Structure formats: C-alpha cells, structure tokens
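# Close look at the chain arrangement
Spelled out, the chains give:
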Amino acid sequence: MPFAPAIDADIHYEDSGGDGPVVLLAHEFFMDRTMFASQMAALAPEFRIVSWDARGHGRTRDQGLPFTYWTAARDALTVLDHLGAERAVFGGTAQGGITALRTALIAPERVSALILISTEAHGPTPEQSTETQKFLDKWYDDNSRRGAANQLAHWLIGDDDWYRAIWTKRWLVRDRDGIEVAATCLLGRESVVGRLPEITCPALVIHATDSGIPDHRAKRLAQDLSAATYVEIAGARLAVTMTHPEPVNHAIKQFLRGSVTTGHAR
C-alpha cells in the first residue's frame, strides 16, 4: 500500500503507473481518492494518474494536528517527490482544486498544468460557512448523523442512488470526529483570487453548474488565470467526476493532449 512520508503524516495514494505525464488528483471534502476511479480507468496509460487522500480522509495517516490548504499543497509535492517526478499536472475537485491552486503558487516550477473541477479561489461566503457549520453540528450528533449523511450525499452527488448508497455507507462507519480538523481547514481558508494572475501554466476549469459554486466565481477563476480553458457541465453536482465521467474525461483528455503532450506545459 503506497504512502508518501511527510514530516507529520503518511500520505496515501493510488498510482496507475506507466510512462505518461504524471497527473495528481486531489478529492473533495468528505470523499477520498476513489472518486477518481473513472478518470484513472479512462486516462491511463496515456497519462499516469495518481489520486491521493488528504489529511483527515481515506487511508492517509496523520496526527490530527491543525493544517491549512498550504499544508495540503506541500503534501501533494511530497507525493510527487515520492514518485521521483520533477513536474506534474496538479488538479482536483472542490478542496482538491483549492489545494492545486496553492501548489501552483508555492512551486510553479513543478506544476505543468492545472485541472480545477467544481472549485473556486475565493474564501467561503458567510452563507457557505453557516450551512457547513449547520451540517457539521448534525454530523457530530449521533441522533442526527444518519440524516446528515443523507443530506451530504444529496449535496455532493445528487440523484445518483447507487453512488449515494455507497458513500452514505462509508461515511456512517467512519469516526464521527475524524473530520473535525479538516472541517476547520475548509471553513478557515482564505481567498487567493488576488494571486491568480501569478499562475501562468495552462489550466482547465470544469464547472458543475449545480455544485454550489456560484457561476460568477467559476468564470472569474477561469478569467483571472492567464491560460485557462473553461468547460461547463450542466446539472452536475460536486462529485461530477463520478456522476458525469464521460464529459469530464473527454474535457481532461483533450486538455492534456493539447497542453501537456505537445510540450506547451513542459
């Protein structure tokens, strides 16, 4: 089972292998690396797909210490170091995209391109913070936890009954309090909108229109990045990589073939 050792954590990852350009994908809050199974199946071996578990999620082992998405960005670089690769495409969904943006800011020489899915550069709005805190209050209460899991499944996945059943079952057997530090990171993140012009590598922005990310924020993300391609997937929620794999995979494949394999992002 592969782990990349950080100073205070062992970052678990899954690697498709192969000789193609490395693509590191980071998951959404409350999810794990398996939300990219369809991308790994569709894009490898042309591309070497590596999905990894953030702190507080999946099989990554950490000490439960406070962290930020800047910490997570360094975790992503730790995985890249462990692979023995100099550069990669960094990407992810929601908090995974937030992490990828910070990776491009702290180590631009190691980021050949970005794939930003259902994500934003802004900090949370007061409304987002309030709704997230309401959910967490229910999650930490044993009497309302099942209802909170069902709410989360609808919020992240939508009407896909099969995926909702799978993830609800996973969530209900996990440590109730294991997400607390990661939730503090999510709610405490700051905006990096003002720093987006610093990022000059090619970027793909995939906006799921029912993800809860305001349309104007997704478009602002693409506009403020100097070399971005913008794709909308109508009716999709945050977990668009699972529920709408065909358009997501098509967009990623076309982007990678144009931005990475041609040498533009090397």
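Because the structure is predicted, anything quoted here is derived from the model rather than measured. (Residues numbered from 1 in each chain as written. Predicted model: local features only at pLDDT ≥ 70, side-chain atom pairs only at ≥ 80, totals over all residues. Heavy atoms only, no water.)

## Looking at the overall build of the protein chain
What counts is decided by this rule: The way it works is that DSSP assigns letters per residue, a run of H or I at least four long becomes a helix, a run of E at least two long becomes a strand, and they are numbered from the N terminus. In this description the radius of gyration comes from C-alpha coordinates, and the expected globular size is given by 2.2 Å times residues to the power 0.38. Exposure classes here rest on a 1.4 Å probe applied to the protein chains alone. A residue is buried below 20% of its type maximum, exposed above 50%, and partly exposed in between. Here, two residues are considered to be in contact whenever any of their heavy atoms come within 4.5 Å of each other. In these tables, accessible area is a Shrake-Rupley quantity obtained with a 1.4 Å probe, and a residue counts as shielded only by the protein chains included in the view. Neither His nor the chain ends is counted toward charge; the positive residues are Lys and Arg and the negative residues Asp and Glu. For the purpose of locating charges, the reference atoms are NZ of Lys, CZ of Arg, CG of Asp and CD of Glu.
The number of helices and strands found in the protein chain is ten helices and nine strands. Against the globule reference of 18 Å for 266 residues, the protein chain gives a C-alpha radius of gyration of 17 Å, in line with a compact fold. When the backbone C-alpha atoms are referred to their principal axes, the protein chain occupies close to 55 × 40 × 35 Å. Going through the 266 residues of the protein chain one by one, you find that 55% of them count as buried. In the protein chain, of all internal contacts separated by at least 6 residues, the share reaching a separation of at least 24 is 76%. Per element, the accessible surface of the protein chain, about 11200 Å² overall, is 50% carbon and sulfur. Within the protein chain, the 33 negative side-chain charges are centred at a point lying 1 Å from the centre of the 27 positive side-chain charges.

## Structural notes on the packing of helix 4 (residues 126-140) against helix 7 (residues 180-187)
Two measures define how a pair of helices packs: the angle their axes make with one another and the distance between the axes. This is how the line gets drawn: Note on method: axes are straight lines fitted to C-alpha atoms, helices fitted across the in-contact stretch only, with angles between N-to-C directions ranging 0 to 180 degrees. Orientation is classified from the angle alone, with under 35 degrees giving roughly parallel, over 145 giving roughly antiparallel, 65 to 115 giving roughly perpendicular, and any other angle giving oblique. Polar here means any residue other than Ala, Val, Leu, Ile, Met, Phe, Trp, Tyr, Cys and Pro, which are nonpolar, and Asp, Glu, Lys and Arg, which are charged; Gly is therefore polar.
For the pair helix 4 and helix 7, the least separation of the axes is 11 Å and the interaxial angle reads 170°. With respect to helix 7, the element helix 4 is oriented roughly antiparallel. Of helix 7, the residues touching helix 4 (which contributes S129, T132, Q133, L136 and Y140) are E180, A183, L186 and L187. Tallied by class, the residues present in the contact of helix 4 with helix 7 amount to five nonpolar, three polar and one charged.

## What to know about helix 2 (residues 69-83)
Given 3.6 residues to a turn, an α-helix orients residues that are three or four positions apart in the same direction. What counts, and what does not: Helix span is expected to be 1.5 Å times the residue number reduced by one. Within 3.5 Å is the distance limit for a polar contact, defined as a pair of N or O atoms, with the added protein rule that one can donate a hydrogen and the other accept it, and that residues adjacent in sequence qualify only through two side-chain atoms.
In this model, helix 2 (15 residues) spans 21 Å end to end at C-alpha, consistent with the 21 Å of a helix rising 1.5 Å per residue. For helix 2, the set of buried residues is Y69, W70, A72, A73, D75, A76, L77, T78, V79, L80 and L83. Taking the backbone nitrogen of W70 as reference, a side-chain oxygen 3.1 Å away marks T68 as the first, capping residue of helix 2. Immediately downstream of helix 2, the backbone of G84 shows phi near 75°, a positive value.

## What to know about helix 7
This is how the line gets drawn: The directions considered for the arc are those from the helix axis to the C-beta atoms.
Those residues of helix 7 not exposed but buried are A182, A183, C185 and L186. All buried residues of helix 7 fall inside an arc of 155° around its axis, so they share one side. The elements touched by buried residues of helix 7 are helix 2 and helix 4.

## A look at the packing of aromatic side chains
Where we set the bar: The pairing test for Phe, Tyr and Trp rings, Trp by its six-membered ring, is centres within 6.5 Å, and the orientation test on the planes gives stacked under 30 degrees, edge-to-face over 60, and tilted for anything in between. Note on criteria: charge over ring means Lys NZ or Arg CZ within 6 Å of the ring centre, with the direction from the centre no more than 35 degrees off the ring normal.
Here the structure, examined in full by the defined rule, presents eight aromatic pairs. Linked through ring pairs, F29, F30, F135, W139, W155, W167 and W171 together constitute an aromatic cluster. The ring of F3 carries R61 above its face, with NZ or CZ at 3.9 Å from the centroid. The positively charged end of R174 is found above the aromatic ring belonging to F30, 5.3 Å away from the centroid.

## Let's talk about the packing of helix 2 against helix 3 (residues 95-106)
Contact pair helix 2 / helix 3: the axes reach a minimum separation of 8 Å and the direction vectors enclose 75°. Classified by the angle their axes make, helix 2 and helix 3 are roughly perpendicular. Counted together, Y69, W70, A72, A73, R74, A76 and L77 of helix 2 and Q95, I98, T99, R102, T103, L105 and I106 of helix 3 form the full contact between these two elements. Looking at the contact of helix 2 with helix 3 residue by residue, the class counts come to nine nonpolar, three polar and two charged.

## Topic: the side chain of S112
Assignment of secondary structure puts S112 in strand 7 (residues 111-117). You can call S112 buried: its relative accessible area is 7%.

## Considering the pattern of salt bridges
Short version of the rule: One speaks of a salt bridge when a side-chain nitrogen belonging to Lys or Arg is within 4 Å of a carboxyl oxygen belonging to Asp or Glu.
Tallied over the full model, the rule gives 18 salt bridges. Among the salt bridges present, the one from E46 reaches R257, with a minimum N-O distance of 2.9 Å. Residue E46 is located in the loop between helix 1 (37-43) and strand 4 (48-52), and its partner R257 is located in helix 10 (residues 245-259); the two are separated by 211 residues in the primary sequence. Given a relative accessible area of 36%, R257 falls into the partly exposed group.

## So, the nonpolar core
Generally speaking, a soluble globular protein has its nonpolar side chains buried in company with each other. So the rule is basically this: Buried Ala, Val, Leu, Ile, Met, Phe, Trp, Tyr and Cys residues form a nonpolar core when they are joined through side-chain atoms within 4.5 Å.
The biggest cluster of nonpolar side chains holds 52 residues, and the ones touching the most others in it are M31, I115, W171, I252 and L256. Here W171 is in contact with F30, M31, W139, R145, A149, L152, A153 and L156, once residues within four sequence places are set aside. Counting residues in each nonpolar core, the second largest holds 39 residues, with A6, V50, L83 and A222 among its members.

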